[in-house]
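# Architecture at a glance
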Amino acid sequence: MVYKWRIGYNFKADPEKAAKVMNKLAKTGQLNAENLVEVSRPKNAPLHDDFEWDDTKAAENWRKQQGRCMINSLLMIPEETSLKEKEPIRAFFKVAQVDNSQYESTAVLIRTQNGRDALREQAQKELNSYMGKYRNVLEWTGAKVEIEKALEILQENEA
């Protein structure tokens, strides 16, 4: 089997060496983030250089991750909606096409064609990523066809 890092992830470690470490943990039922950090503590460990070992920097990075989680978790119920039931939706989206890849209010995005286009493109990107991640499961269950239909509808709605 050949291993590689997913596009957009720039780890220093050779993916083959990373797979070896992770497979070793998985074989003993111990592959989780905590154990991966522990086996990577020694300076000569294959994954050591991909972790931040300075506790001050690591703490600041963790707070930023918590902030991202907060932003991504906040929901809103739109006042004006065509939906029969007012379902909560994400309050903010990070879309690359809008304002230098900052989070933008969903309420603001849906008011402009550029914002709606950015959301549609983001939805397509995420659905394609989801299909890549769960390809086998989607094929086994027949759900792949439904997601492909959703992607076609998004494609048809391009401005």
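Since the structure is predicted, the reported quantities are computational estimates derived from the model, not experimental observations.

### A word on the overall build of the protein chain
Along its length, the protein chain carries seven helices and four strands. Shown N-terminal to C-terminal, the secondary structure of the protein chain runs as helices and strands in the order α-α-α-β-β-β-β-α-α-α-α. Its C-alpha radius of gyration of 20 Å places the protein chain more than 25% over the 15 Å reference for a compact globule of 159 residues. Once the C-alpha set of the protein chain is aligned to its principal axes, its extents read approximately 55 × 40 × 25 Å. Out of the 159 residues in the protein chain, the part that is buried amounts to 19%.

### Observations regarding helix α7 (residues 143-156)
Think of an α-helix as 3.6 residues a turn; residues three or four steps apart then line up on the same face. A rise of 1.5 Å per residue sets the reference length of α7, with its 14 residues, at 20 Å; its end C-alpha atoms lie 20 Å apart and thus fit the reference within 8%. In this fold, the buried residues of α7 make contact with α5 (113-133) and α6 (135-141).

### As for the confidence of the model for the protein chain
Across the protein chain, pLDDT averages 88, with 92% of residues at or above 70. When mean pLDDT is compared element by element in the protein chain, helix α2 (residues 33-40) scores highest at 97, while strand β4 (residues 103-105) scores lowest at 85.

### Things to note about the packing of aromatic side chains
Following the criterion strictly, the structure yields four aromatic pairs and no others. Where Y9 meets F11, the ring centres are 6.2 Å apart and the plane angle is 15°; that geometry is what we call stacked. For F11, a relative accessible area of 38% translates into the label partly exposed. These aromatic residues form a ring-pair network of at least three members: W5, Y9 and F11. It is R90 that lies over the ring of F93; its NZ or CZ is 4.3 Å from the centre.

### A few points about a nonpolar patch on the surface
Taken together, the side chains of Y130, Y134, V137 and W140 define a hydrophobic patch exposed on the protein surface, amounting to about 450 Å² of accessible area. Within the secondary structure layout, V137 lies in helix α6.

Conventions adopted
- Residues numbered from 1 in each chain as written.
- Predicted model: local features only at pLDDT ≥ 70, side-chain atom pairs only at ≥ 80, totals over all residues.
- Heavy atoms only, no water.
- Helix = DSSP H or I, 4+ residues; strand = E, 2+ residues; numbered from the N terminus.
- Rg over C-alpha atoms; globule rule 2.2 N^0.38 Å.
- Buried < 20%, exposed > 50% of the residue type's maximum accessible area, 1.4 Å probe, protein only.
- Expected span 1.5 Å × (residues − 1).
- Contact = heavy atoms within 4.5 Å.
- pLDDT = per-residue confidence, 0-100.
- Phe/Tyr/Trp six-rings, centres within 6.5 Å; stacked < 30°, edge-to-face > 60°.
- Lys NZ or Arg CZ within 6 Å of the ring centre and 35° of its normal.
- Patch = residues over 30% accessible without salt bridge, like charges linked within 9 Å, V, L, I, M, F, W, Y side chains within 5 Å.
- Areas by Shrake-Rupley, 256 points an atom, 1.4 Å probe, with all protein chains shown as cover.
- Salt bridge = Lys/Arg side-chain N within 4 Å of Asp/Glu carboxyl O.

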